Amino acid sequence: MLRRLDGWLQGDYRTLFRGYGMDLADIREYVAGDDVRHIYWNVTARMDLPYVREYHEDREITAQFLLDVSPSVDFGTATALKRDLLIDFTAVLARLLTRQGNKIGAVLYGSRVERVIPARTGRMQVLRLISELESRPRLKEAPATALADLLDTGLRAVRRRSLVFVISDFFTMPGWERPLAQLARRHEVLAIRLVDPRERELPEIGMVVMNDAETGEHLWVDTNDSRFRHRFAEVVDRRERMLAETFRRYGVESLELSTEEDLGRSIIRFAAKRKLRRGQRAVAVAS
């Protein structure tokens, strides 16, 4: 997969990710798609138009993986479990980044925040992270996931401006939006959503037992019941709109990884989308 992705990028991982410089290069008018964190408020106030700072780009990137490995990711009805997607995506991106001399680190959340791996570079760092993920036992039950704890730990642990991947299915207790906003103000944050088709649409197969992966609770439901299916669809739609609005509000890009889609295609689709957005931004600046 890495070879396939590398071929598509033609060896240029910077098509996907860029470094973050501290030296000011230029000041220009804001255009749609600019990072709002770079707005130069003093100049904006004087000119009565929004202006942004541009910085010289560093060659080095520090990437941090905030990984939700709570029991709900041990689910999948297609070709893989959501946990498999998390491990494979982390392995591919970590290897892609460290091959260019960049540093990677991670925070792991199971039933709580369980491990912080400081950022380092090199192949051994990638192997250490993947070994940590693959050797973790699957939890039969755990307290309800508190994604806020994972994000808060990321805020404290990641000091230098970094590229932060939040990899989760986002089934969580409330209260995670504020630490996400704080994280997005300091870093470039990418939300990687792990999804399975059965979490959005139920097959009509009669009575089934649904199991809460985190509490262990069992519930019998009739999937042929039109009222139940309608309520289920409403809950799914409300959650989808809430997540999309939260990511949009805080300027967080999102990538959806599905258990029924090839991981390589998902990453390439995401890379193409980012490349197109940057091209459109460059045209807007030039004009």
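Residues numbered from 1 in each chain as written. Predicted model: local features only at pLDDT ≥ 70, side-chain atom pairs only at ≥ 80, totals over all residues. Heavy atoms only, no water.

Remarks on the packing of helix α3 (residues 82-98) against helix α4 (residues 123-134)
Turning to step 1, where the next piece is worked out: One can describe the packing of α3 onto α4 by two numbers: an axis separation of 9 Å at closest approach and a directional angle of 175°. Classified by the interaxial angle, the pair formed by α3 and α4 is roughly antiparallel. Facing R83, L86, I87, T90, A91, A94, R95 and T98 of α3, the residues of α4 in contact are R123, V126, L129, I130, L133 and E134.
Turning to step 2, where the next piece is worked out: Residue composition of the contact of α3 with α4, grouped by class: eight nonpolar, two polar and four charged. (Axes fitted to C-alpha atoms, helices over the stretch in contact; angles between N-to-C directions. Helix = DSSP H or I, 4+ residues; strand = E, 2+ residues; numbered from the N terminus. Parallel < 35°, antiparallel > 145°, perpendicular 65-115°, else oblique. Contact = heavy atoms within 4.5 Å. Nonpolar A, V, L, I, M, F, W, Y, C, P; charged D, E, K, R; others polar.)

Observations regarding the pairing of strand β4 (residues 103-109)
In regular strands, side chains alternate between the two faces of the sheet.
Turning to step 1, where the next piece is worked out: Most of β4 is tucked away: six of the seven residues are buried.
Turning to step 2, where the next piece is worked out: Following the chain from strand β3 (residues 62-68) across α3 to the adjacent parallel β4, one finds a crossover that is right-handed.
Turning to step 3, where the next piece is worked out: Joining the antiparallel neighbours β4 and strand β5 (residues 113-120) is a turn of three residues. (Buried < 20%, exposed > 50% of the residue type's maximum accessible area, 1.4 Å probe, protein only. Right-handed = clockwise from strand over helix to strand, strands pointing away. Pairing = 2+ DSSP bridges.)

Looking at the sheet that holds β3
Turning to step 1, where the next piece is worked out: Spatially, six strands are ordered β5-β4-β3-β6-β7-β10 in an open sheet, and the strand pairing comes out mixed. Strands at the two margins of the open sheet, each flanked by one partner only, are β5 and β10 (253-258). The sheet shows a mean angle of 15° between the axes of neighbouring strands, direction not considered.
Turning to step 2, where the next piece is worked out: The pairing of strand β6 (residues 163-168) with strand β7 (residues 188-195) spans six bridges and is parallel. Pairing of V166 across the sheet is with A191, part of β7.

So, a positive patch on the surface
Turning to step 1, where the next piece is worked out: A grouping of R159, R178, R185 and R186 is seen on the molecular surface, where their side chains present a positively charged patch.
Turning to step 2, where the next piece is worked out: With respect to the helices and strands, R178 occurs in helix α6 (residues 177-186). (Patch = residues over 30% accessible without salt bridge, like charges linked within 9 Å, V, L, I, M, F, W, Y side chains within 5 Å. Areas by Shrake-Rupley, 256 points an atom, 1.4 Å probe, with all protein chains shown as cover. Salt bridge = Lys/Arg side-chain N within 4 Å of Asp/Glu carboxyl O. Lys, Arg positive; Asp, Glu negative; His and termini not counted. Charge placed at Lys NZ, Arg CZ, Asp CG, Glu CD.)

Some thoughts on unusual backbone geometry
Turning to step 1, where the next piece is worked out: With a phi angle near 60°, F170 is a residue other than glycine that sits in the positive phi range.
Turning to step 2, where the next piece is worked out: Secondary-structure assignment places F170 in the loop between β6 and α6.
Turning to step 3, where the next piece is worked out: With relative accessibility at 3%, the residue F170 sits in the buried group.

Quick look at the nonpolar core
Turning to step 1, where the next piece is worked out: One finds F65, L67, F89, L129, L133, F165 and I167 to be the most contacted residues of the largest nonpolar core, which totals 34 residues.
Turning to step 2, where the next piece is worked out: At the level of secondary structure, the elements contributing two or more residues to this core comprise β3, α3, β4, α4, β6, β7, β10 and α8 (263-286).
Turning to step 3, where the next piece is worked out: At nine residues, the largest contribution of residues to this core is made by α3.
Turning to step 4, where the next piece is worked out: Residues A148, V166, L183 and A184 belong to the second largest nonpolar core, which totals 21 residues. (Core = buried A, V, L, I, M, F, W, Y, C linked by side-chain atoms within 4.5 Å.)

Overview of the environment of G175
Turning to step 1, where the next piece is worked out: Inspection of the secondary structure puts G175 in the loop between β6 and α6.
Turning to step 2, where the next piece is worked out: Taking the C-alpha atoms as reference points, G175 and D149, 26 residues apart in sequence, are found 9.4 Å from one another.

Concerning the pattern of salt bridges
Turning to step 1, where the next piece is worked out: For the structure on display, the rule yields 14 salt bridges.
Turning to step 2, where the next piece is worked out: Between R83 and D74 there is a salt bridge, with the nearest N and O atoms lying 2.4 Å from each other.
Turning to step 3, where the next piece is worked out: When the shortest N-O distance is used, the salt bridge between R200 and E240 registers 3.3 Å. Highlighted residues: R200 in the loop between β7 and β8 (207-211) and E240 in helix α7 (residues 226-249), separated in sequence by 40 residues.
Turning to step 4, where the next piece is worked out: Relative accessible area serves as the criterion here: at 21%, E240 is assigned to the partly exposed category.

As far as function goes, none of this settles anything; it's purely spatial.
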